[in-house]
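Chains, contacts and geometry: an overview
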Amino acid sequence: MAAVTPKLKLYTNHGCPWAHRAHIALSELKVPFDEEIIDLGVPRTAEYLKVNPRGLVPSLRVDDQIITESAVVAAFLADAFPSHLVPASSDPNGPLTRARIAFFVDTYMSKVNVSLYPLMKATTEEERSAIIQKTVDAVVKEIEPLLANAGPFFGGSSQLTLAEVLTGSFVIRLWSWPKYGLVPQSVIDQLSEKAPNFSRWAEAVSKHPSVKGIFDAEGIARRTKERLAKS
Ligand SMILES: N[C@@H](CCC(=O)N[C@@H](CS)C(=O)NCC(=O)O)C(=O)O
């Protein structure tokens with residue numbers, strides 16, 4: 001990044017797992033930023049639609065430029081402020097590490113996280129069991145081998161990486177929801193038994209201060225239940 005640190009403003013909502021990604025990155029990078037909370041319970045203001053015509057959070061203002069989409073925001077932050085999160089592409093290990101992280105995140109989101117909402121919404125025991133089975137199978141087959149060298153974070157790292165920046169907000173939800181009755185405890189029990197690498201990693205991710213930071217488990221669980229009841 002330029003020698004002068006840019007002025008950052010994050011448009012966010014602390015209940016949003018996508019916006020949470022930006023908070024994890026900013027917390028790890030220890031970069032100062034302003035934030036504006038966007039009320040997602042009402043139509044977006046004309047002012048915010050000028051910031052992000054899609055009306056979604058997060059958006060990041062960098063001096064007078066706007067960046068939207070959580071993965072793009074997180075990648076921008078990781079590139080702009082070189083750190084332990086990810087090596088630069090010009091680093092000898094950069095391209096391969098970045099490819100490994102990208103594959104891990106894509107796999108977690110498309111094979112595992114994709115079942116979280118259906119699991120919360122399931123109304124019958126049969127439906128729930130089928131989703132749990134599918135989720136556990138996906139973790140065992142797709143994720144477990146990718147975490148064989150977790151230390152405890154991705155790729156043997158003792159610190160969070162961009163992999164956790166992009167998945168942590170979803171992992172902490174999966175790991176927290178049994179306590180609030182949003183998903184059955186049996187998912188966690190089965191994962192602990194069949195996917196120990198994943199379980200150790202998920203536990204470490206969920207306990208990390210940068211992941212826990214803005215996460216109000218009780219409040220988000222309550223609002224999620226209200227939304228599920230209405231849907
Ligand atoms: N693909 C977007 C998804 C962001 C997103 O869906 N944010 C939700 C809150 S969790 C939102 O802003 N929803 C507002 C709405 O749909 O009106 C990203 O990764 O940034």
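The name that an unreviewed UniProt entry assigns to the protein is Glutathione S-transferase, with the source organism given as Xylaria bambusicola. The Sequence similarities (unreviewed entry) comment attached to the protein in UniProt states, word for word, "Belongs to the GST superfamily."

Neighbouring the ligand are the residues C16, P17, W18, L40, R44, L56, V57, P58, E69 and S70. Here an oxygen atom of the ligand and a side-chain polar atom of R44 are 2.9 Å apart. With respect to the ligand, the backbone of V57 contributes an N or O atom lying 2.9 Å from an oxygen atom. Split into classes, the residues belonging to the shell around the ligand amount to 7 nonpolar, 1 polar and 2 charged.

This part covers the packing of aromatic side chains. As enumerated under the stated definition, the model contains 10 aromatic pairs in all. For the ring pair F104 and F154, a centre distance of 4.9 Å and an interplane angle of 40 degrees mean the geometry is tilted. Here the residue F104 occupies a position in helix α4 (residues 94-112), and F154 occupies one in the loop between α6 (125-143) and α7 (162-176), the gap between them amounting to 50 residues. On the basis of relative accessibility, which here comes to 0%, the residue F104 falls in the buried class.

The subject of this paragraph is the nonpolar core. Among the nonpolar cores identified, the biggest contains 67 residues, and L77, Y108, W177, L191 and F198 are the most heavily contacted of them. Tallying contributions element by element places α7 first for this core, with 9 residues. The residue makeup of this core includes at least three contributed by each of domain 1 (8-80) and domain 2 (94-230). Beyond its immediate stretch of four places on either side in the chain, Y108 contacts N113, I143, T167, F170, V171, L174 and F198. Counting residues in hydrophobic clusters, the runner-up holds 7 residues, among them Y11, C16, Y48 and V51.

Taken together, the 4 strands give an open sheet; going across it, the order is β2-β1-β3-β4, and neighbouring strands pair in mixed fashion. Each edge of the open sheet is held by one strand with a lone partner, namely β2 (34-37) and β4 (65-68). The average angle at which neighbouring strand axes cross in this sheet is 20 degrees, direction not considered. Sheet topology places strand β3 (residues 59-62) next to β4; 4 bridges connect them, and they run antiparallel. Each residue of the ladder has a partner; that of V62, found in β4, is Q65. Set on the sheet, helix α1 (residues 17-29) makes contact with β1 (8-12) and β2; between it and β1 the angle comes to about 150 degrees. The strands touched by helix α3 (residues 70-80) within the sheet are β1, β3 and β4, with β4 carrying the most contacts at an inclination of about 120 degrees.

Calculation rules
- Residues numbered from 1 in each chain as written.
- Predicted model: local features only at pLDDT ≥ 70, side-chain atom pairs only at ≥ 80, totals over all residues.
- Heavy atoms only, no water.
- UniProt positions renumbered as here; feature names shortened; annotations may be inferred.
- Near = heavy atom within 4 Å.
- Polar contact = N/O pair within 3.5 Å; in protein donor to acceptor, adjacent residues only side chain to side chain.
- Nonpolar A, V, L, I, M, F, W, Y, C, P; charged D, E, K, R; others polar.
- Phe/Tyr/Trp six-rings, centres within 6.5 Å; stacked < 30°, edge-to-face > 60°.
- Helix = DSSP H or I, 4+ residues; strand = E, 2+ residues; numbered from the N terminus.
- Buried < 20%, exposed > 50% of the residue type's maximum accessible area, 1.4 Å probe, protein only.
- Core = buried A, V, L, I, M, F, W, Y, C linked by side-chain atoms within 4.5 Å.
- Domains from an automatic or database assignment.
- Contact = heavy atoms within 4.5 Å.
- Pairing = 2+ DSSP bridges.
- Axes fitted to C-alpha atoms, helices over the stretch in contact; angles between N-to-C directions.

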